[in-house]
Amino acid sequence: MNLILLGPPGAGKGTQAKRLYDRDKLVQLSTGDMLRAEVASGSALGKQAKQVMEAGQLVSDAIVIGIIDKRIDAADCKSGFVLDGFPRTEKQAVALDEMLTRKGKKIDGVVELAVDEDALVERISGRFACAKCGAGYHDKFQRPKKEGVCDVCGSAEFTRRKDDNAETVKARLKAYREQTAPILPYYKKKGLLQRVDGMADPDTVTGQIERVLSKIKR
Ligand code: AMP
């Protein structure tokens, strides 16, 4: 099964995509993670993307479409994947359909995590992650059980994303409103769009997504 998780930054796409891997072995394809890896490696592509990402704007369609086109061919995507952060524009949505048709694949469902925009700045600006295993935390909503120590791997090193500051978050939300939200009707028309309440606690959201998956499987 191949899914798309749609929703603004901070809606919980990354958290839910990781759970979909743990439960259903659907591979998380996060264009944000892939671009951050390019930036960290200092590649030519990373150098091109860095400033755009730090300004909270969208990297060019051609770049992200190329990254996804290649990634979907990897062996681990054969039994299913979850797109997290892609597509983000109508052009990307159309290109995705074209590439999947070419590869003999399709999207089985699109899950929209619906959230209240006012809550997102607080949600995003407090988040941080373990530098070693990537486990996610939040200053207010999810502190490590033992202060300064990762619950999962015991590391004492944490990182914060450079674009998770209040000013950049506002630009990212604007990009979502203006360029990404308009693709929701594209998937609604295809009968693929399912809305879940992204304001609920993460376990409840996971339950709602699992219900969507079982409907698709039927
Ligand atoms: P994310 O981790 O999904 O919040 O993405 C972080 C940043 O990477 C975004 O603010 C964009 O600058 C860039 N990015 C990620 N995915 C895409 C995409 N599909 N199209 C354009 N830019 C993207």
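Residues numbered from 1 in each chain as written. Predicted model: local features only at pLDDT ≥ 70, side-chain atom pairs only at ≥ 80, totals over all residues. Heavy atoms only, no water.

Draft legend 1. Main features of the packing of helix H6 (residues 117–125) against helix H7 (residues 166–180). With their axes 10 Å apart at the nearest point, H6 and H7 run at an angle of 135° to one another. Here H7 runs oblique to H6, going by the angle between their axes. As H6 runs across H7, the sense of the crossing is right-handed. Touching Glu-117, Leu-120, Val-121, Ile-124 and Ser-125 of H6 are Ala-166, Val-169, Arg-172, Leu-173 and Arg-177, all from H7. Residues that form the contact of H6 with H7 fall into these classes: 6 nonpolar, 1 polar and 3 charged. (Axes fitted to C-alpha atoms, helices over the stretch in contact; angles between N-to-C directions. Helix = DSSP H or I, 4+ residues; strand = E, 2+ residues; numbered from the N terminus. Parallel < 35°, antiparallel > 145°, perpendicular 65-115°, else oblique. Left-handed = near helix turned anticlockwise from the far one by under 90°. Contact = heavy atoms within 4.5 Å. Nonpolar A, V, L, I, M, F, W, Y, C, P; charged D, E, K, R; others polar.)

Draft legend 2. Spotlight on the sheet that holds strand S6 (residues 136–138). Pairing in this open sheet of 3 strands is antiparallel, and the strands run S6-S5-S7 from one edge to the other. In the strand order of this sheet, the two ends are held by S6 and strand S7 (158–159), each with one partner. Relative to S7, strand S5 (residues 127–130) runs antiparallel, the two sharing 2 bridges. Counterpart to Ala-129 in the pairing with S7 is Thr-159. (Pairing = 2+ DSSP bridges.)

Draft legend 3. Just the nonpolar core, in detail. Membership of the largest hydrophobic core comes to 32 residues, with the highest contact counts inside it found for Leu-29, Phe-81, Leu-83, Leu-96, Ile-107 and Tyr-187. Taken together, the elements giving at least two residues each to this core come down to strand S1 (2–6), strand S2 (27–30), helix H2 (31–41), helix H3 (44–54), helix H4 (61–71), strand S3 (81–84), helix H5 (90–103) and helix H8 (184–189). If sequence neighbours within four positions are ignored, Leu-29 has contacts with Met-34, Ile-68, Arg-71, Ile-72, Cys-77, Phe-81, Val-82, Leu-83 and Asp-84. (Core = buried A, V, L, I, M, F, W, Y, C linked by side-chain atoms within 4.5 Å. Buried < 20%, exposed > 50% of the residue type's maximum accessible area, 1.4 Å probe, protein only.)

Draft legend 4. Seen up close, the sheet that holds strand S4 (residues 109–114). Taken in spatial order, the 5 strands line up as S2-S3-S1-S4-S8 in an open sheet, and their pairing is parallel. Where the open sheet ends on each side, the last strands, each with one partner, are S2 and strand S8 (193–197). Across the sheet, the axes of successive neighbouring strands diverge by a mean angle of 25°, strand direction being ignored. Bridge count for S1 against S4 is 4 bridges, and the pairing is parallel. Across the sheet, residue Ile-4 finds its bridge partner in S4, namely Val-110. Those strands touched by helix H1 (residues 13–24) are S1, S2, S3 and S4, and its axis lies near 160° from that of S1. Along the sheet, H2 contacts S2 and S3; its crossing angle with S2, the most-contacted strand, is approximately 65°.

Draft legend 5. Representation of the site of the ligand in the model. For the ligand, the set of nearby residues contains 16 residues, the closest of which are Thr-31, Arg-36, Gln-57, Gly-85 and Arg-88. With respect to the ligand, the backbone of Gln-57 contributes an N or O atom lying 2.5 Å from an oxygen atom. Protein coverage of the free-state accessible area of the ligand, which is 480 Å², stands at 97%. With 4 residues, the single largest contributor to the shell around the ligand is H2. Along the lines of polarity and charge, the residues of the shell around the ligand split into 6 nonpolar, 5 polar and 5 charged. (Near = heavy atom within 4 Å. Polar contact = N/O pair within 3.5 Å; in protein donor to acceptor, adjacent residues only side chain to side chain. Areas by Shrake-Rupley, 256 points an atom, 1.4 Å probe, with all protein chains shown as cover.)

Draft legend 6. Summary view of the side chain of Asp-84. The residue Asp-84 is located in strand S3 in this model. With sequence-adjacent residues up to four places away left out, Asp-84 is seen in contact with Leu-5, Lys-13, Gly-14, Ala-17, Gln-28, Leu-29, Ser-30 and Thr-31.

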